[in-house]
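Observations on the three-dimensional arrangement
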Amino acid sequence: MVKQQVLLTAFAIGLPLFTLGCGGTTPSDEETTTSESPSTSGSGTITLVANGEDFVRQGFVTKDGWQVDFDHVYVTLNDVTAYQSEPAFDPDQDQDIQAKNEVTLVSEPTTVDLAAGGAEAAPIQVTEEKASPGMYNALAWQLVTPEAGDVNSAMVLEGTAQKEDRTIDFVLNLDKPLAYQCGEYVGDARKGFLEADTQTELETTFHFDHIFGDAEAPADDAINTGAVGFDPMAELADNGSLNVDLATLEQELSPENYQTLEKAIQGLGHVGEGHCKETEA
Amino acid sequence: MRWQFFLYLTLSFFSAAPVFAHGAAIEHRRTSAIEIRATYDSGEPMANAQVTVYAPSDPTKPWLKGTTTEEGTFVFVPDPDISGDWDVKVRQSGHGDLVSIPVENTEATTAANQAQASDSWRGGNYTPLQKAMMAALGIWGFIGTALFFARNQSEKK
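Every chain is numbered on its own, with residues counted from 1 as its sequence reads. For naming, the first written chain is A and the first written ligand is 1, with later ones following in the order written. Only residues with pLDDT of at least 70 are given local features in this predicted model, and only at 80 or more are side-chain atom pairs given and counted; all residues enter the totals for whole chains, interfaces and linings. Side-chain metrics rest on all non-hydrogen atoms present in the structure, leaving aside hydrogens and water.

1. Some words on the overall build of chain A
What counts, and what does not: We count a stretch as a helix when DSSP gives it H or I for four or more residues in a row; a strand needs E for two or more, and each element gets its number in order from the N terminus. We call a residue buried when its accessible area falls under 20% of the maximum for its residue type, exposed when it is over 50%, and partly exposed in between, using a 1.4 Å probe and counting protein chains only. By definition in these notes, contact holds between two residues if any of their heavy atoms fall within 4.5 Å.
Secondary structure assignment for chain A yields seven helices and 16 strands. For chain A, the residues scored as buried account for 47% of the 281 residues in total. The contacts in chain A between residues at least 6 apart in sequence include a share of 75% that link residues at least 24 apart.

Now the structure itself:
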């Protein structure tokens with residue numbers, strides 16, 4: 001009897017120890033994580049600029065050797081909307097902007113001169129709008145025909161082209177309405193981060209080297225193989241003057257050159273160096 | 001009693017953690033690297049292009065800078081403690097692109113890996129067989145002690 005009691009006592013003491021020894025790892029106290037939702041109070045300011053880059057401000061040499069300098073480069077913007085896209089919008093993919101927030105920056109045709117201000121001018125400010133904080137990583141915008149004013153085409157290039165002993169004063173009325181969907185600005189710095197009571201900048205960028213090419217790039221570079229240059233237009237000049245619209249260019253240029261020009265115009269719209277998807281206007 | 005002594009000795013031998021005075025150890029862990037490949041629209045690689053990587057914890061400041069290979073590729077290992085969208089920007093000669101790469105659940109995975117690694121360094125990483133041996137030894141000790149006293153009492157009677 002005593003022996004049984006001793007055995008039971010031994011098991012009573014031993015089993016808890018056994019349990020303790022073989023027990024699994026005691027889970028640590030559950031971590032309590034708190035996440036603060038991003039501040040939505042207050043608002044900041046988005047400044048929209050339009051940039052023709054140094055090609056417009058300082059002039060450049062085309063792929064076929066014409067020194068082109070611009071007096072005015074008018075573009076008419078409309079329906080400019082900035083988005084906070086989640087996920088980030090990729091213009092190379094077959095998808096639409098997935099907006100969790102958006103702000104309209106331009107709601108009526110607005111014409112700006114990309115060549116204004118001279119060689120060292122900053123990009124042209126189009127508008128400023130209040131917006132809620134967040135990362136504006138997508139931008140949609142249109143080029144449209146102006147409804148009023150002296151400018152009557154979606155895009156007008158005025159300037160002078162010089163090559164050897166020829167000088168041509170030109171006005172190109174490129175009235176081709178376009179619509180673009182773009183992702184985040186790509187450049188030296190990142191743009192689009194807006195916090196309350198601060199300011200950020202978004203940019204519509206125009207790459208005119210896509211139309212005329214760039215003598216500084218190799219001849220077989222895509223920027224030149226895809227550009228029409230200025231020679232075909234110079235052939236249409238009369239007494240050093242050229243004033244044409246797209247309809248005339250379609251009639252007078254070779255089908256191949258006009259096709260190249262049309263494609264280059266469609267590819268003008270960028271956000272910095274970032275490409276955009278051209279959609280139906 | 002001699003057989004009990006040898007039994008204790010045998011069990012102790014199998015349950016003890018091995019110790020080597022001059023051993024060397026190599027640990028390893030798997031990490032998730034990200035490789036990107038940048039090309040122009042023509043398909044030509046963006047060779048030696050400027051690459052900037054932004055971590056989701058501070059997307060306004062570069063986390064890493066580098067250049068692509070001749071094939072336009074670039075490899076980096078994101079900090080596993082920082083989950084979210086890692087943005088990679090590639091630029092060259094006026095052309096550029098930016099891609100967001102979601103990196104999720106790395107924090108929990110890494111925490112588990114780190115916990116496992118730290119357990120092994122603390123020396124608490126016994127195998128199930130060793131744990132069972134140690135428990136059996138403890139129980140056997142109580143039973144043996146109980147039997148010892150029980151035998152003495154019955155002999156007195």
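2. Re the overall build of chain B
The line we're drawing: Note on areas: Shrake-Rupley, 1.4 Å probe, and residue coverage restricted to the protein chains presented here.
Helices and strands together make up the secondary structure of chain B, namely three helices and six strands. The order of helices and strands in chain B, counted from the N terminus, is α-β-β-β-β-β-β-α-α. For chain B, contacts bridging at least 24 residues in sequence account for 53% of all contacts bridging at least 6. Just so you have it, chain B exposes about 10900 Å², and 58% of that area is on carbon and sulfur atoms.

3. As for helix H7 (residues 255-266) of chain A
All names here are of chain A. To keep it simple, the criterion reads: By this rule, a helix spans an expected 1.5 Å times one less than how many residues it contains. Within this analysis, the arc is defined by the directions that extend from the helix axis to the C-beta atoms.
Taking 1.5 Å of rise per residue, twelve residues should cover 16 Å, and H7 covers 16 Å from first to last C-alpha, within 8% of that figure. Taken together, the buried positions of H7 are Tyr258, Thr260, Leu261, Ala264 and Ile265. What you see down the axis of H7 is that its buried residues fit within an arc of 160°, all on one side. For H7, exposure combined with an orientation more than 90 degrees from the buried face picks out Pro255, Glu256, Gln259 and Lys263.

4. Quick notes on the environment of Gly269 of chain A
All names here are of chain A. Tracing the backbone shows Gly269 in strand E15 (residues 269-271). For Gly269 and His207, which are 62 residues apart along the polypeptide, the C-alpha to C-alpha distance reads 6.8 Å. Setting aside residues no more than four positions away along its own chain, Gly269 makes contact with Trp141, Tyr180, Thr205 and Cys276.

5. Remarks on empty space enclosed by the protein
Residue and element names in this part refer to chain A. Cut-off, in case you're wondering: Throughout, the protein atoms alone are placed on a 1 Å grid, and a set of points is a cavity if a 1.4 Å probe fits but cannot get out or a pocket if it is open with protein on both sides within 12 Å along at least five of seven lines; lining residues have an atom within 4 Å of a point. Grid points are joined across faces, edges and corners, and a volume is the space filled by probe spheres set on the points. Side-chain classes are defined by residue name, with Ala, Val, Leu, Ile, Met, Phe, Trp, Tyr, Cys and Pro counting as nonpolar, Asp, Glu, Lys and Arg as charged, and the others, Gly among them, as polar.
Using the criterion set out here, one finds one cavity of 30 Å³ or more in the structure. In this structure, the largest cavity spans a volume of roughly 70 Å³. If you trace the largest cavity, you find it lined by Tyr136, Asn137, Ala138, Leu139, Gly183, Glu184, Tyr185, Lys191, Leu202, Glu203 and Val271. Contributions of two or more residues to the lining of the largest cavity are made by strand E8 (138-143) and strand E13 (199-206). Residues that form the lining of the largest cavity fall into these classes: six nonpolar, two polar and three charged.

6. Points about the packing of aromatic side chains
The line we're drawing: Pairing of aromatic side chains requires ring centres within 6.5 Å, counting the rings of Phe and Tyr and the six-membered ring of Trp. Pairs whose planes differ by under 30 degrees are stacked, by over 60 edge-to-face, and all others tilted. Put simply, a charge is over a ring when the Lys NZ or the Arg CZ is close to the ring centre, within 6 Å, and near the line of the ring normal, within 35 degrees.
According to the stated counting rule, one finds 15 aromatic pairs over all chains in the structure shown. Centre to centre, the rings of Phe76 of chain B and Trp86 of chain B are 6.3 Å apart; their planes meet at 40°, and the pair counts as tilted. Of this pair, Phe76 of chain B sits in strand E4 (residues 73-76) while Trp86 of chain B sits in strand E5 (residues 84-92), and the two are ten residues apart along the sequence. With relative accessibility at 0%, the residue Trp86 of chain B sits in the buried group. What links up through ring pairs into an aromatic cluster is the set Phe55, Phe60, Trp66, Phe70, Trp141, Phe170, Tyr180, Phe206, Phe208, Phe212 and Phe230 of chain A. Looking at Arg190 of chain A, its charged tip hangs above the ring of Tyr54 of chain B, at a distance of 4.4 Å from the centre.

7. A short note on the environment of Val88 of chain B
All names here are of chain B. With respect to the helices, strands and loops of the structure, Val88 is situated in strand E5. By relative accessible area, which is 1% here, Val88 ends up buried. Aside from chain neighbours lying at most four places away, what touches Val88 is Ile36, Val51, Thr52, Val53, Phe76, Asp97, Leu98, Val99 and Ile101.

8. Let's talk about the side chain of Lys277 of chain A
Cut-off, in case you're wondering: Whenever two N or O atoms come within 3.5 Å, that pair is a polar contact, provided that in protein one can donate a hydrogen and the other can accept it, and provided that, for residues adjacent in sequence, both atoms are side-chain atoms.
Among the secondary structure elements, Lys277 of chain A is positioned in strand E16 (residues 274-279). A distance of 2.7 Å separates a polar side-chain atom of Lys277 of chain A from the backbone oxygen of Gln95 of chain A.

9. Structural notes on the sheet that holds strand E2 (residues 50-54) of chain B
All names here are of chain B. What counts here: Strands were regarded as paired on the criterion that DSSP finds at least two bridges between them. Axis lines are fitted to C-alpha atoms, over the contacting stretch for helices. Their N-to-C directions set the angle, which ranges from 0 to 180 degrees.
A sheet is described by the order of its strands in space; here four strands give the open sequence E3-E2-E5-E6, paired in antiparallel fashion. Two strands close off the open sheet at either side, each with one partner strand: strand E3 (64-67) and strand E6 (95-103). Recorded for the sheet is a direction-independent mean angle of 20° between the axes of neighbouring strands.

10. Describing the pairing of strand E11 (residues 178-182) of chain A
Residues and elements named next belong to chain A. Counting buried residues in E11 gives five out of five residues, a clear majority hidden from the surface. Direction of pairing for E8 relative to E11: antiparallel, over a ladder of five bridges. Across the sheet, the residue bridging to Trp141 is Tyr180, located in E11. Inspection of the sheet shows E11 paired to E16 by four bridges, in the antiparallel sense. In the sheet register, Cys182 faces E16, and the bridge partner there is Cys276.

11. Structural notes on the confidence of the model for chain B
Stated formally: Per-residue confidence from the predictor is reported as pLDDT, a score between 0 and 100.
For chain B, the average pLDDT comes to 76, and 65% of its residues sit at 70 or higher. Low pLDDT, under 50, characterises residues 112-125 of chain B; the stretch is placed with five contacts to residues that sit more than four places away or in other chains.

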